[in-house]
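Analysis of the macromolecular model
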Amino acid sequence: MNFELNKLVRANVAKLKPYSSARDDFKGDASVFLDANENPFPTEYNRYPDPHQKKLKEKIASIKNINQEQIFLGNGSDEAIDLLIRAFCEPGQDNVLIPQPTYGMYTVSAEINAVAIKTIPLTEDFDINLELTKKTWDDHTKLLFLCSPNNPSGNLLDLDKIRILLQEFPGIVIVDEAYIDFTNYDGFIPLLNNFPNLVILQTLSKAWGLASLRLGMCFASKEIIAVLNKIKPPYNINGITQQIVLKSLEEIEQKNKWIAEIIDAREFVENELVKIPAVQRVYPSQANFLLVKITNAKSVYQSLISNGIVLRDRSNVLLCGNCLRITIGTPEENKMLISELSNL
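The shown structure was predicted, so the numbers you read here are calculated from the model rather than taken from an experiment.

Further remarks concern the nonpolar core. Phe188 and Phe219 are the most contacted members of the largest nonpolar core, which has 40 residues in total. Contributions of two or more residues to this core are made by α2 (54-64), β1 (71-75), β4 (141-147), α6 (159-168), β5 (172-176), β6 (198-203) and β7 (215-219). With residues up to four places along the chain from it excluded, the contact list for phenylalanine 219 reads Ile60, Lys64, Ile66, Gln70, Ile71, Ile189, Leu192, Leu198, Val199, Ile200, Gln202 and Ile225. Formed by 33 residues, the second largest nonpolar core is a distinct cluster that contains Phe88, Tyr106, Val115 and Cys147.

It is worth spelling out the side chain of threonine 141 at this point. Residue placement: threonine 141 occurs in strand β4. There is a polar contact of 2.9 Å between the side chain of threonine 141 and the backbone nitrogen of aspartate 138.

Attention shifts here to the sheet that holds strand β10 (residues 312-313). Strand order in the open sheet formed by four strands is β8-β9-β11-β10, with antiparallel pairing between adjacent strands. The sheet is open, and its two edges are formed by β8 (279-282) and β10, each paired on a single side. Relative to strand β9 (residues 289-294), helix α9 (residues 252-273) is tilted by about 10°, and along the sheet it contacts β8, β9 and β11 (323-327). Strands in contact with helix α10 (residues 297-306) are β9, β10 and β11; relative to β11, the strand with the most contacts, it is inclined by about 35°.

This part covers empty space enclosed by the protein. Per the counting criterion, the structure on display carries one cavity of 30 Å³ or more. In terms of lining, the largest cavity is formed by Pro99, Pro101, Thr102, Leu122, Phe145, Leu146, Cys147, Asn150 and Leu157. Within the lining of the largest cavity, the residues separate by chemical class into seven nonpolar, two polar and no charged.

With that settled, the discussion passes to the packing of aromatic side chains. Here the distance between the centres and the angle between the planes together describe a pair of aromatic rings. Tallied over the full model, the rule gives seven aromatic pairs. Taking 5.5 Å as the distance between ring centres and 85° as the angle between the ring planes, the aromatic pair formed by tyrosine 103 and tyrosine 106 counts as edge-to-face. Both rings, one in tryptophan 137 and one in phenylalanine 169, keep their centres 5.0 Å apart while their planes meet at 75°; by these two values the pair is edge-to-face. Placement of tryptophan 137 in the loop between α5 (130-136) and β4 and of phenylalanine 169 in the loop between α6 and β5 is noted, with a sequence separation of 32 residues between them. The pair formed by tryptophan 137 and phenylalanine 169 is uniform in burial state, with each residue classed as buried. Sitting over the ring of phenylalanine 289, arginine 325 keeps its end group 5.5 Å from the ring centre.

Calculation notes
Throughout, residues of each chain are indexed from 1 in the direction in which the sequence is written. Whole-chain, interface and lining totals are the exception, using all residues; otherwise, since this is a predicted model, local features are given only for residues with pLDDT of at least 70 and side-chain atom pairs are given and counted only at 80 or more. Note: side-chain values were computed over all heavy atoms of the structure, leaving out hydrogens and water. Joining through side-chain atoms within 4.5 Å is the link that ties buried Ala, Val, Leu, Ile, Met, Phe, Trp, Tyr and Cys residues into a set, and such a set is a nonpolar core. Only protein chains enter the calculation, and the probe is 1.4 Å; a residue is then buried if its accessible area is under 20% of its type maximum, exposed if over 50%, and partly exposed in between. The helix and strand labels rest on DSSP assignments: H or I over at least four residues marks a helix, E over at least two residues marks a strand, and numbering proceeds from the N terminus. The contact rule is simple, with two residues in contact once any of their heavy atoms fall within 4.5 Å. Whenever a nitrogen or oxygen atom comes within 3.5 Å of another N or O atom, the pair is scored as a polar contact, on the condition that within protein one atom can donate a hydrogen and the other can accept it, and that pairs from neighbouring residues in sequence are kept only if both atoms are in side chains. Pairs of strands are assigned from DSSP output, requiring at least two bridges between the strands. With axes taken as lines fitted to C-alpha atoms, and helix axes fitted only over the stretch in contact, angles between N-to-C directions fall between 0 and 180 degrees. Think of a 1 Å grid over the protein atoms and nothing else: a 1.4 Å probe that fits but is trapped marks a cavity, an open set flanked by protein within 12 Å on at least five of seven lines marks a pocket, and residues with an atom within 4 Å of a point count as lining. Grid points are joined across faces, edges and corners, and a volume is the space filled by probe spheres set on the points. The residue classification treats Ala, Val, Leu, Ile, Met, Phe, Trp, Tyr, Cys and Pro as nonpolar and Asp, Glu, Lys and Arg as charged. All others, Gly included, are polar. When the centres of two rings from Phe, Tyr and Trp lie within 6.5 Å, Trp using its six-membered ring, the rings pair. Their planes under 30 degrees apart give stacked, over 60 give edge-to-face, and anything left gives tilted. A ring is considered to have a charge above it if a Lys NZ or an Arg CZ atom is located within 6 Å of its centre and within 35 degrees of its normal.

Below is the structure:
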């Protein structure tokens, strides 16, 4: 496939002169800042943060073994999703392709931006229907969203099928790897330089335990990243987030310890769930959650809430009838859940 990024970018975005923040106007170090209309008195938070998150990107680049120019950092992965749609999809003209069931923000962001959505079902085992996917896109399909491991099902999508789509889809393929840390797979970052139309989303909200800070990572060619940087808000990642994340990224051993414990706990919860008569199926998962088919799921959901245990009811989602999504908690929380379910 001959991929031409310039033909995908919206005309107004291509012509756009991006906003230049005060800190974009100089390079190097300085001791006196009289450029950004800030309060000059040191409150610890009186200065604007680095608009390009250079130190943070340098650290992430070393961990992921990629170039800093291949990294976009967003206010959660949701910001990257929104910017991708705004950068490449003309409202009322273009469309995006979203296999279902999957993460709901792809649909919400497209709808907010008045971009049409083509939806197709995943297979019964929540994998890509390759032939149906190929038949569904058209000349105005700019983005294809794939979540792997998928949410809410927890499974990795077939890697060979994703590669085929990267070779044949005429637009940009977005692989959302929010849960990749809980797998035994490196994800698509090692193949980033092989596919100019590949965008990878990852997050610090799951394995790194930093959900409250809302930092999402987007990896792509430097050309795609340049488009996102062109249209992002000037200071989209606040200074406190940059400081805390930079420090947390030094704690890789702690992150890996959490991952190992969550994976062990996932196996424990699965083994206990299948003993409960009301549980009809526990779907295979490589994420930090389990999709569970259970008799009278909505009633079970409400009963658990009344006992202070909150799950995610996915009963109304395509292919997920009578299913609850259970996040793996602490050992104590997991035992409480199993006890309450057993009593029900």
